[in-house]
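Descriptive analysis of the structure
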Protein chains: 2
Amino acid sequence: MSLTKYQFRAQFRCTNDACRKTYPLHQVIYSCSSCGELLNVEHDLDSLKKIPANEWKSTFESRFRSSQFPNASGVWGKKEWVLPEIKDENIITSGEGTTHLYDASRFAKDLGLKSLHVKQCGVSHTGSFKDLGMTVLVSQVNQMIADGVPIKAVACASTGDTSAALASYAAKAGIPAIILLPANKVSTAQLIQPVSNGAIVLALETDFDGCMAVVKELTQEKSIYLANSMNSLRIEGQKSISIEITQQLGWQVPDWVVIPGGNLGNVSALGMGFEMMLELGLIDKLPRIILAQAKNASPLYDSFKKGFAEFSPVTAEKTLASAIQIGDPVSVKKAIRVLKKFNGIVEVATEEELANASAKGDLYGLYNDPHTGVALAALLKSIQSGEVKQNESVVVISTANGLKFTEFKLAFHEGKIPKVEEALRNVILPCKPTLSGVMEILGKHLKKT
Amino acid sequence: MSLTKYQFRAQFRCTNDACRKTYPLHQVIYSCSSCGELLNVEHDLDSLKKIPANEWKSTFESRFRSSQFPNASGVWGKKEWVLPEIKDENIITSGEGTTHLYDASRFAKDLGLKSLHVKQCGVSHTGSFKDLGMTVLVSQVNQMIADGVPIKAVACASTGDTSAALASYAAKAGIPAIILLPANKVSTAQLIQPVSNGAIVLALETDFDGCMAVVKELTQEKSIYLANSMNSLRIEGQKSISIEITQQLGWQVPDWVVIPGGNLGNVSALGMGFEMMLELGLIDKLPRIILAQAKNASPLYDSFKKGFAEFSPVTAEKTLASAIQIGDPVSVKKAIRVLKKFNGIVEVATEEELANASAKGDLYGLYNDPHTGVALAALLKSIQSGEVKQNESVVVISTANGLKFTEFKLAFHEGKIPKVEEALRNVILPCKPTLSGVMEILGKHLKKT
């Protein structure tokens, strides 16, 4: 393998085209100190191009699920594309990535699609795609600590998946984690993961934005490192989703990728992964993207309807898809750039649409969280509108584990979500404890199936 | 690869040494029709031995990394050892197996062990190790239906992981699933997975044993296929755990494997996997096994204390480790044979011991369900007793996903489980929504870490 002959490098670069200032990755910085814009991790593509595309493919394939550290991780098996300069000994991995690409072939057939795959990012160490980015962030912090940067802790404002991932990876590394959350707005059940992982969990008498403001202030003091998604290190891990999907499809690019979006870091990462593969010759076209929003939190949909000519934040209303209940997404500029380049569209799902689509998918063997429900609903609507054609191939990104959303599942089947399709609801049937009792009920219900 | 030159075969064989009757795998049969004993799947080892051990290893390794159907599954990548004669087109897979072997290196260091790995069987499609066996059972049923065997549905009596796995795989295959459960003893939350997957869920006015009796009667009528663990097809899939662990350790056998046990099918499968590797030359020794039981349901521990001279079923008392709350395990004979052969021991965990051990493991980045807590507690006690030595290597089998046990986690940290270690409990700290408010609390709590 010729990889060892080359040195690969990466740095932060300001995403503002008029600025483009750069910073080293070991600097404690989250947005441009000149212009305030978000940063990207920029790779030295000239070095990466020295390796032929086929060698990258065979390298990624041979490392995929390798038993050996750190390549057992789908993220670190692509290290040269992620954080090329980190020392292996500082990598903190819990086997993130290499999630199954679920072949929903019966569902595809019923929808008239050529194929429908669901990338199971929620079947993961802490139960969401956030593991992909958090392994990168925590590993980089671990490297910085080893290099003598005086970091005492990592911190984020979050109520769900982000805090679970941060707390778990920090616990593995032995680095203290600090979680800021709005008091009385989040149940302990939503926070039991970081509580269990021993994070310092603080309940602030304010709302989420108030927590975000305090965590930004707190991390100005550079000994506490900010882990929220404005930190572009996380994008580098999430980018691996695109590479894995393509590899799992035999290096074929699907016609469509459907992804739910709230803060919009994930669709940015998805796009960057595909762009990097195109640039380095691993693929020769880009997929189209459907960015799926909950109708109750859909500022990007409004912008899309105006050709992305303008973007206005909204006040997000309550949605069952709680992780994307965001009205003012931090990564909106990155996301719009990606959607334009990928000839993407934005679709929305109402509460009943996301609940129905989630339940419908379950009947084919999945167990969908509400965000995957938003993505599936957007797909169903896009098929109906004719945007997605019969015989096209589709990959849906499932972002979280359905096991995190028992209440949502219960509410659906107990009839507590208004306006859903009755035929999708299933109930537990009372039955006499005898063979004849069971046979009587089966007589009615087995026929239906 | 020389594998294609050979034909591999398997059949059912009665486990009663005085009987040893055989049956073809496509026969609808769950226990010996002559003597009533359980059956095993028996492989044609002479054919399997024609392939050199190193070729099996490299075959398993290359398939483990495969993105392609059906080898993307850790079970079907070992097809010749599992169900050699099934046609690929009838395999129903959701990417089971290939779960991460979590390197708990900080935990190992604190315990003085050479290494401690946790096999994350719960980070799986339906959230437990049951997927490993259910893909085999449902695929075999799918094959039988394709061959014209008149099977209308699959059925089990279960309240938890088994019903979730059966319902999901049956939904993927498009085969009706029937779940029998005791009415008023199981919450909908425990059953929301099979309900979501569209199974026919029947609540019988009886207890679990009553449900088991009815499902056995129901499946006498051979058009409904029994999926409970007395069906030895499931063992064939679960056996892959041993092979994966060994491969992930670079084909090294650990000194110890710790596994929780209730109905005892899983430890039987674990043993059979290692025995098959030894027989076929992939390994040259067996690990020792610690079978971990909840003290409230520990009939095998009682038997072990008497050198396995006798075994008496007990009435299991309530335990947090609900999936192993079993007093009369169906696979006890298989398990005792394995434990004797592997120089195994049985250890028990009280409710507070399992809760403490689960919480302690979480502080190293895990998120343990109560059954993994039982296994970790048994390990901690075996280290304390000197049975497990310093500098030995240990693998713990984590059987289910912690996300299924939110109530257990909440109860622990909210102080609702009696007699637990206070120091392991974590609480959410109220905090003023200002930088100074946060700093004041961190001043106290960051010092501790």
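Residues numbered from 1 in each chain as written. Chains lettered and ligands numbered in written order. Predicted model: local features only at pLDDT ≥ 70, side-chain atom pairs only at ≥ 80, totals over all residues. Heavy atoms only, no water.

Chain A has the name Threonine synthase in an unreviewed UniProt entry. Under the UniProt heading Cofactor (unreviewed entry), the note attached to chain A is "pyridoxal 5'-phosphate". In its Sequence similarities (unreviewed entry) section, UniProt records this for chain A: "Belongs to the threonine synthase family." (UniProt positions renumbered as here; feature names shortened; annotations may be inferred.)

**Some words on the packing of aromatic side chains**
Counting across every chain of the model gives 18 aromatic pairs over all chains. With centroids separated by 5.9 Å and ring planes inclined at 55°, the aromatic side chains of Phe8(A) and Trp56(A) adopt a geometry described as tilted. Placement of Phe8(A) in the segment before β1 (10-14) and of Trp56(A) in helix α2 (residues 53-63) is noted, with a sequence separation of 48 residues between them. A relative accessible area of 7% places Phe8(A) in the buried class. For Trp56(A), a relative accessible area of 0% translates into the label buried. Ring geometry for Phe304(B) versus Phe308(B): centroids 5.7 Å apart, planes at 55°, classification tilted. Residue Phe304(B) is classed as partly exposed on the basis of its relative accessible area, which comes to 21%. Classification of Phe308(B) by relative accessible area gives buried; the value is 11%. Here the aromatic residues Tyr6(A), Phe8(A), Trp56(A), Phe60(A) and Trp81(A) are joined through ring pairs into a cluster of three or more. Of note, Lys409(B) hangs over the ring of Tyr367(B), and the distance from its end group to the ring centre comes to 4.9 Å. (Phe/Tyr/Trp six-rings, centres within 6.5 Å; stacked < 30°, edge-to-face > 60°. Helix = DSSP H or I, 4+ residues; strand = E, 2+ residues; numbered from the N terminus. Buried < 20%, exposed > 50% of the residue type's maximum accessible area, 1.4 Å probe, protein only. Lys NZ or Arg CZ within 6 Å of the ring centre and 35° of its normal.)

**Looking at the nonpolar core**
Counting 234 residues, the largest nonpolar core has Leu202(A) and Leu202(B) as the members making the most contacts within it. The residues touching Leu202(B), leaving out its near neighbours within four places in the chain, are Leu429(A), Cys431(A), Val438(A), Ile441(A), Leu442(A), Ile178(B), Ile179(B), Leu180(B) and Leu181(B). (Core = buried A, V, L, I, M, F, W, Y, C linked by side-chain atoms within 4.5 Å. Contact = heavy atoms within 4.5 Å.)

**Regarding the interface of chain A and chain B**
Counting residues at the interface gives 89 residues for chain A, matched by 87 residues for chain B. For the pairing of chain A and chain B, the buried interface totals around 6900 Å² over both sides, and the portion due to carbon and sulfur atoms is 65%. Three residues stand out in chain A for area buried against chain B, namely Arg65(A), Leu403(A) and Ile428(A), and they jointly supply 10% of the buried area on that side. For the pair chain A and chain B, the number of links is 33 residue pairs in polar contact (both at pLDDT 80 or more). Residue contributions to the side of chain A that touches chain B peak at eight residues, all from helix α7 (residues 188-196) of chain A. Classifying every residue of the side of chain A that touches chain B by side-chain character gives 44 nonpolar, 30 polar and 15 charged. (Buried area = accessible area lost by both parts, 1.4 Å probe. Polar contact = N/O pair within 3.5 Å; in protein donor to acceptor, adjacent residues only side chain to side chain. Nonpolar A, V, L, I, M, F, W, Y, C, P; charged D, E, K, R; others polar.)

**Structural notes on the relation of the copies chain A and chain B**
Take chain A, turn it by 180°, move it 0.0 Å along the axis, and it overlays chain B with an RMSD of 0.2 Å. Put plainly, the chains are arranged around a two-fold axis. When the interface residues of chain A are mapped onto chain B, 97% of them again lie at the interface, so the same face is used by both copies. (Least-squares fit on C-alpha atoms with pLDDT ≥ 70 in both.)

**Remarks on the confidence of the model for chain A**
Chain-level statistics for chain A give a pLDDT mean of 95 and a share of 99% at 70 or above. For this predicted complex, the interface confidence reaches an ipTM of 0.96, while the overall pTM sits at 0.97. (pLDDT = per-residue confidence, 0-100.)

**Some thoughts on helix α16 (residues 406-413) of chain A**
Residue and element names in this part refer to chain A. Counting buried positions along α16 yields six of eight residues, so the element is predominantly enclosed. Within the span of α16, buried status applies to Phe408, Lys409, Leu410, Ala411, Phe412 and His413. Just past α16, the residue Gly415 takes up positive phi, approximately 75°.

**Quick look at the UniProt feature "domain: Tryptophan synthase beta chain-like PALP" (unreviewed entry) in chain A**
According to UniProt, the "domain: Tryptophan synthase beta chain-like PALP" (unreviewed entry) feature falls on residues 92-399 of chain A. With 43% helix and 17% strand, residues 92-399 of chain A has end C-alpha atoms that lie 21 Å from one another.

**Examining the sheet that holds strand β11 (residues 288-294) of chain A**
Residue and element names in this part refer to chain A. Spatial strand order, β4-β5-β13-β10-β11-β12: six strands in an open sheet with mixed pairing. In the strand order of this sheet, the two ends are held by β4 (101-103) and β12 (345-349), each with one partner. When the angles between neighbouring strand axes are averaged without regard to direction, this sheet yields 25°. Bridging between strand β10 (residues 256-260) and β11 involves five bridges; their strand directions are parallel. Looking at β11, one finds that Val257 is bridged to Ile289. (Pairing = 2+ DSSP bridges. Axes fitted to C-alpha atoms, helices over the stretch in contact; angles between N-to-C directions.)

**Quick look at the pairing of strand β8 (residues 200-204) of chain A**
Most of β8(A) is tucked away, with five of its five residues classed as buried. Burial of β8(A) is two-sided: the residues Ile200(A), Leu202(A) and Leu204(A) facing one way and the residues Val201(A) and Ala203(A) facing the other way are all buried. Alignment of strand β7 (residues 177-182) of chain A against β8(A), held across five bridges, turns out to be parallel. Considered in β8(A), the bridge of Ile179(A) is made with Val201(A). Considered for its hand, the β-α-β crossover made up of β7(A), α7(A) and β8(A) is right-handed. Taken together, the three bridges between β8(A) and strand β14 (residues 429-431) of chain B define a ladder with parallel strand orientation. Across the sheet, residue Leu202(A) finds its bridge partner in β14(B), namely Leu429(B). (Right-handed = clockwise from strand over helix to strand, strands pointing away.)

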